[in-house]
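# A look at the structure
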Amino acid sequence: MPKFATPKGTFDILPAYLCFENWHSSEAWHEVESTFIQEAQKAGFHRIQTPIFEQTELFYKSTGETTDIVGKEMYSFEDKSGRSMTLRPEGTPGTLRALVNCSAHQTANINKVFYSGPMFRYERPQKGRYRQFHQFGIELIGPKCPYMDIEVISIAWAAYQRLSLDRGVRLEVNSIGSTKERLNYRHALVEYFKSNQKALSADSLRRLETNPLRILDSKEEQDVELIASAPIIWNYLNTQSIDHFETLCTGLEACAIPYHKNPRMVRGLDYYNDTVFEWVSDDLGAKSSIGGGGRYDKLYHQLGGPDLQGVGFACGLERVIMSYLQQKNECQTDRKNAIIIAIGSHCHKRAMALAHALRAFGQKIEYYPIDHPKKIKNAMSWADTMGYRYALIFGEEELDNLQIQCKDLSSRTQFSCKLEPSIIYENIVEKSSNK
Ligand code: AMP
């Protein structure tokens, strides 16, 4: 009987064959995470890794005191010297702190980095919402330019496309203008919601005092109708902000990235200005965000660096993996690769050598020795669970005849093949490879 459960809102990532739920599988994690990493690297981004805890003050100064993340969700603690520390609830503040600390701006005019790792928020756990979750993110620090925003969006889009999520997601974009424009808009919003405050939910009433723009994110039924008639930010933007937004939109069109303008999307973090964007998906039941980002032109300076602008994106890997596996199940993927089942110790040397030779062709080949023919059923069921296309069976008789038995686990047919790595590769393994 196990004695300890995982803490509420957390989970283990395990090999697929040990998982109750397929999105916990380390294979799926690797596939999805490496897709994002490769797309970032293709665009000249470099990996950065920062501590998972930082001084609490960093998040107050960047993410923002009035946000839900900082106000309600942080895992903060005092260390043994009485300093307040916080498990990072998001990746941008630590990443920018690290770039400022190493004076990245003195080495390069444009710094492009990506990160991937756990984040922590004390939220009510539910499907797609965890207390320890994982984000892949990219940050681009350099001069303010709408094409930098497009660059960041296009990297994320390329990854979603490779994972076949492009049809199930919707990219929403908006401009929230400069601080001054947002302040004017905020006044108009407060006025509007105050005159309707009896109809507001309790949460939105609280936000009216602390962070009125966040009311626009409310999914409460009673707020939704009010929000639909609320003033929109576009009427408060100056020409410069409108130009930036229009260039962004035409640039997205030039890259054939589908998008929808949503004037009521604001995103919950304090540091954003101008461009904000979010990918929403219906795959996880209720409409939920599977990634998003925006421009932050003051943050680098606020953290002690020179006046450099930036733009970033982050996605929750849990939600992406769930959507990806859902799509994959619907498309029923093919079986791949092969397993060599060697029966009896006298076959093991030859079988091992065969596995080694086939792997040299770049194939994934699992070597699976058993000591008795009775165990073959067990080995075949393992091959099935692992999704192998072929089981190459190798026993005493096969060794004598210099043959192997090949079971095609897709068609459930069986045939024999000469025990010669290049012939086996050409006839069997190559057809079922991952390439
Ligand atoms: P945010 O940092 O709030 O902009 O979130 C960026 C992305 O992280 C979202 O689009 C989600 O995919 C993901 N995310 C945020 N909070 C959680 C959570 N508690 N559990 C799982 N994923 C999350």
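Below is a summary of the structure that appears in this document. (Residues numbered from 1 in each chain as written. Predicted model: local features only at pLDDT ≥ 70, side-chain atom pairs only at ≥ 80, totals over all residues. Heavy atoms only, no water.)

### Structural notes on the site of the ligand
Note the cut-off: Proximity criterion: a residue is near a molecule or strand once any of its heavy atoms comes within 4 Å of it. Side-chain atoms alone can form a polar contact between residues adjacent in sequence; in general such a contact is a pair of N or O atoms within 3.5 Å, and within protein one must be able to donate a hydrogen while the other accepts it. To be clear on the numbers: accessible area is Shrake-Rupley with a 1.4 Å probe, and residue cover counts the displayed protein chains and nothing else. Here a helix means four or more residues in a row that DSSP labels H or I, a strand means two or more in a row labelled E, and each is numbered from the N terminus. Here the term charged refers only to Asp, Glu, Lys and Arg, the term nonpolar to Ala, Val, Leu, Ile, Met, Phe, Trp, Tyr, Cys and Pro, and the term polar to all other amino acids, Gly among them.
Lining the immediate environment of the ligand, one finds 14 residues, of which Arg121, Glu123, Tyr130, Arg267 and Ser289 sit closest. Residue Arg121 places a side-chain N or O atom 2.8 Å away from an oxygen atom belonging to the ligand. Between an oxygen atom of the ligand and a main-chain N or O atom of Gly291, the distance comes to 3.1 Å. Coverage of the ligand by the protein amounts to 92% of the 490 Å² it exposes when considered alone. Counting only elements with at least two residues in the shell around the ligand, the list comes to β6 (132-142), β10 (288-295) and β11 (309-316). The leading source of residues in the shell around the ligand is β10, at three residues. When the residues that make up the shell around the ligand are grouped by side-chain class, the tally is four nonpolar, five polar and five charged.

### Some details on the packing of aromatic side chains
Geometrically, a pair of aromatic rings is defined through the distance of the ring centres and the angle of the planes. Put simply, the rule reads: Pairing of aromatic side chains requires ring centres within 6.5 Å, counting the rings of Phe and Tyr and the six-membered ring of Trp. Pairs whose planes differ by under 30 degrees are stacked, by over 60 edge-to-face, and all others tilted. Burial classes: relative accessible area under 20% of the type maximum marks a residue as buried, over 50% as exposed, and values in between as partly exposed (1.4 Å probe, protein chains only).
Under the defined criterion, the tally for this structure stands at 24 aromatic pairs. Aromatic pair Tyr75 and Tyr122: ring centres 5.7 Å apart, planes at 75°, arrangement edge-to-face. Of the two residues, Tyr75 sits in strand β3 (residues 75-78) while Tyr122 sits in the loop between β5 (111-120) and β6, which places them 47 residues apart along the sequence. For Tyr122, a relative accessible area of 45% puts it in the partly exposed group. Note on Phe277 and Trp279: the rings are 6.0 Å apart at their centroids and 80° apart in plane angle, and the pair reads as edge-to-face.

### A few points about the sheet that holds β11
Note the cut-off: Between any two strands, at least two bridges found by DSSP are needed for them to pair. Note on contacts: a residue pair is in contact if any heavy atoms of the two residues lie within 4.5 Å. For every element, the axis is a line fit to its C-alpha atoms; helices are fit only across the contacting stretch, and the angle between N-to-C directions ranges from 0 to 180 degrees.
Strands sit in the order β1-β5-β6-β11-β10-β9-β7-β8 across an open sheet of eight strands; the sheet is mixed. The sheet is open, and its two edges are formed by β1 (46-47) and β8 (260-261), each paired on a single side. Of the pairings in the sheet, the one linking β5 to β6 comprises ten bridges and is antiparallel in character. Within β6, the position partnered with Asn111 by the bridge is Ile141. Across the sheet, helix α6 (residues 146-162) lies against β5, β6, β7 (169-175), β9 (273-281), β10 and β11, angled at about 15° from β11, the strand it touches most.

### Let's talk about the side chain of Glu39
Relative to the assigned elements, Glu39 resides in helix α1 (residues 26-42). Judged by its relative accessible area of 7%, Glu39 is buried. Beyond its immediate sequence surroundings of up to four residues, Glu39 is in contact with Ile155, Ala158, Ala159 and Arg162.

### So, the sheet that holds strand β15 (residues 403-408)
Sheet architecture is open: five strands sit in the order β13-β12-β14-β15-β16, paired in mixed fashion. Looking at strand neighbours, the two that pair on one side only are β13 (365-370) and β16 (413-418), the edges of this open sheet. If you compare each strand with its neighbour and ignore which way they point, the axes differ by 25° on average. This element, helix α13 (residues 345-360), spans β12 (336-343), β13 and β14 (388-394) of the sheet and lies at about 175° to β13. Contacts from helix α14 (residues 376-385) reach β12, β13, β14 and β15 within the one sheet, and its direction differs from that of β13 by about 160°.

### Regarding the environment of Leu237
One can find Leu237 in the loop between α9 (221-228) and α10 (239-254). Here Leu237 is in contact with Ser175, Ile176, Gly177, Glu181 and Ile242, once residues within four sequence places are set aside.

### Brief notes about the state of the cysteines
Applicable threshold: Cysteine sulfurs are considered disulfide-paired once they come within 2.5 Å of each other.
Going through the model one piece at a time under the given rule, you end up with zero disulfides. Cys249 forms no disulfide, and the closest cysteine sulfur to it belongs to Cys255, at a distance of 12 Å.

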